Amino acid sequence: LEYRILYTNQSQGVVRDVVITDDTPAFTVFRSASCRTTPPSVTCQAPSSGAGTAPASGGTGNIRWIFGNNPVGLAGGEGGEVRFCVQVEQ
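Only a predicted model underlies this, so the values are computations on that prediction, with no experimental measurement involved.

Enquirer: Explain the pairing of strand 5 (residues 62-69) to me, please; I cannot follow it from the model alone.
Expert: Remember that side chains alternate between the two faces of the sheet whenever the strand is regular. Across five bridges, the pairing between strand 2 (residues 19-23) and strand 5 is antiparallel. Its bridge partner lying in strand 5, Asp22 is registered against Ile63. Across four bridges, the pairing between strand 4 (residues 42-45) and strand 5 is antiparallel. From the neighbouring strand, Gln45 faces strand 5, where its bridge partner is Ile66.

In structure tokens form, the structure reads like this:
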């Protein structure tokens, strides 16, 4: 299963140091995660077990996308998409 998370800064101001967090759903195991679309005002670090921002493949738990300010942060009206894939446990 693939989950899509769409994000948008609905304010008129700049949002800095954005972090999106989700968990693997019940009865599933983590497979992968990615930054799909990212506006130029931020950078997106895709979750990975090596960085401690995702479970190991086949594991469960917290998934975090960390956005860096490039240079200022997510401007008003900007948005993008992140995704993660899980497998239903047998």
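Enquirer: Before we go on, may I ask you to explain the packing of aromatic side chains in this structure?
Expert: Pairs of aromatic rings are described using the distance from one ring centre to the other and the angle between the two planes. Inspection of every chain in the model, using the stated rule, returns three aromatic pairs. When the ring of Trp65 is compared with that of Phe84, the centres are 6.1 Å apart and the planes differ by 50°; the resulting orientation is tilted. Of the two residues, Trp65 is situated in strand 5 and Phe84 in strand 6 (residues 79-88); the sequence distance between them amounts to 19 residues. Considered together, Trp65 and Phe84 belong to a single accessibility category, that of buried residues. Each member of the aromatic cluster is reached from another via a ring pair, and the members are Tyr3, Trp65 and Phe84.

Enquirer: Help me understand the sheet that holds strand 1 (residues 2-8), please; the structure alone is not making it clear to me.
Expert: Sheet strands pair via backbone hydrogen bonds, and the direction of the pair is either parallel or antiparallel. If you walk across this open sheet you meet the three strands as 1-6-3, and the pairing is antiparallel. Only two strands of the sheet have a single neighbouring strand rather than two, namely strand 1 and strand 3 (28-37). Between one strand axis and the next, the sheet turns by 20° as a mean value, whatever way the strands run.

Enquirer: Before we go on, may I ask you to explain the sheet that holds strand 5 in this structure?
Expert: Taking strand neighbours across the sheet as the criterion, the three strands line up as 2-5-4 in an open arrangement whose pairing is antiparallel. Each having just a single partner strand, strand 2 and strand 4 make up the two edges of the open sheet. Averaged over all pairs of adjacent strands, the angle between their axes in this sheet comes to 15°, without regard to strand direction.

Conventions we followed
Each chain carries its own residue numbering, running from 1 in the written order of its sequence. Predicted model: local features are reported for residues with pLDDT of at least 70 only, side-chain atom pairs are reported and counted for 80 or more only, and whole-chain, interface and lining totals are derived from all residues. With hydrogens and water stripped out, all remaining heavy atoms of the structure feed into the side-chain values. When DSSP locates at least two bridges between a pair of strands, those strands are taken to pair. Where helices and strands are cited, they refer to DSSP runs of H or I of at least four residues and of E of at least two residues respectively, numbered from the N terminus. Here a pair means two rings of Phe, Tyr or Trp (six-membered ring of Trp) with centres within 6.5 Å. Their orientation is stacked below 30 degrees between planes, edge-to-face above 60, and tilted elsewhere. Partly exposed residues are those whose accessible area sits between 20% and 50% of the maximum for their type, while under 20% is buried and over 50% is exposed, using a 1.4 Å probe and protein chains only. Axis geometry follows a simple rule: fit a line to the C-alpha atoms, using only the stretch in contact for helices, then measure angles between N-to-C directions, giving values from 0 to 180 degrees.

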